[in-house]
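# Architecture and fold: a report
The lines below spell out each chain.
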Amino acid sequence: MTSEDNTEQDVPWAMQLVVRRDRERPAREVDVAEVAASAVVRLLDDPRSAPGGPWHEAVRTWRDAQIRKLVRRADGKRWDDVQELPGVTVSREGPEGSGVAAVRAFVPAPVRPLPKALHKLQVSGTQFPADGRSRTEDVVVAVEVAPGLGISSGKLAAQCGHAAQLAWEQMPDHVRERWRADGFRVRVVFPSASEWAGAQRPVTVTDAGLTELDGPTDTTRAWW
């Protein structure tokens, strides 16, 4: 299963993800990726995204075309401002010495025009410390990242969000119920080249290569 298909839209749609940035105590990259993945799934599973809910048509339109995600960063008042826009925020304390990882996923919409609070937030160059492994244990869903990608933390968060979304869409109902009861927590891991080559997973994300990667590339996989 790929992260995007070839359906064309006059103006592309995307789910915007905004990562909270604390310059003094930045969150770890792995924690940002995990809460981003959880935020994506929590928005999709939210009753407001279900048929009859106020977000349903927007989510359906976006899913029918492509599951593009754009990651922006915000701090201070700008982070506070975007909380007023429709979406779901997930946050988690980091280990000692690291900051809180917090991501807000927004209801999908055309990439332009955007609300002013989102439009003025920077997309490129979102980077967090790649410091240590996941501390998330006993999860229903895990996401693994292909080795050697050399992508930004923002791109990584988007790819983990893709994998979590496809897992949520494809897993059996009883597994989805277990995951929902667990708060849609996700563990993100970074296998070696041999571990990646030797594993088979039910979900594989193939990035289309439109931004940081050169051509279609398998980036993340998920299992439950």
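Presented here is an overview of the structure given in this document. (Residues numbered from 1 in each chain as written. Predicted model: local features only at pLDDT ≥ 70, side-chain atom pairs only at ≥ 80, totals over all residues. Heavy atoms only, no water.)

### Details of the sheet that holds strand β9 (residues 217-223)
- The mixed open sheet is built from four strands, whose spatial order is β7-β6-β9-β8. Each edge of the sheet is formed by a strand with only one pairing partner; in this case those strands are β7 (186-189) and β8 (203-207). The sheet shows a mean angle of 20° between the axes of neighbouring strands, direction not considered.
- As paired strands, strand β6 (residues 141-145) and β7 are joined by four bridges and run parallel to one another. If you follow Val143 over to β7, its bridge partner there is Val188. (Pairing = 2+ DSSP bridges. Helix = DSSP H or I, 4+ residues; strand = E, 2+ residues; numbered from the N terminus. Axes fitted to C-alpha atoms, helices over the stretch in contact; angles between N-to-C directions.)

### A word on the layout of surface pockets
- In this structure, the largest pocket spans a volume of roughly 340 Å³.
- Lining the largest pocket are 21 residues, with Lys69, Leu70, Lys155, Ala158 and Thr211 positioned closest to its centre.
- Among the elements of the structure, β2 (69-74) and α5 (153-170) are those that each provide at least two residues to the lining of the largest pocket.
- In terms of residues, the lining of the largest pocket owes the most to one element, α5, which gives five residues.
- Classifying every residue of the lining of the largest pocket by side-chain character gives seven nonpolar, eight polar and six charged. (1 Å grid on protein atoms, 1.4 Å probe; cavity = no way out; pocket = protein on both sides within 12 Å on 5 of 7 lines; lining within 4 Å. Points joined across faces, edges and corners; volume = space filled by probe spheres on them. Nonpolar A, V, L, I, M, F, W, Y, C, P; charged D, E, K, R; others polar.)

### Observations regarding the environment of Trp55
- Examined against the element boundaries, Trp55 turns out to sit in the loop between α1 (29-45) and α2 (56-65).
- Taking C-alpha positions, Trp55 is 9.3 Å from Leu43, a pair spaced 12 residues apart along the chain.
- Residues within four places of Trp55 in sequence aside, it is in contact with Leu43, Asp46, Arg48, Ser49, Pro86, Gly87, Val88 and Val107. (Contact = heavy atoms within 4.5 Å.)

What is shown is where atoms sit, not what they do.
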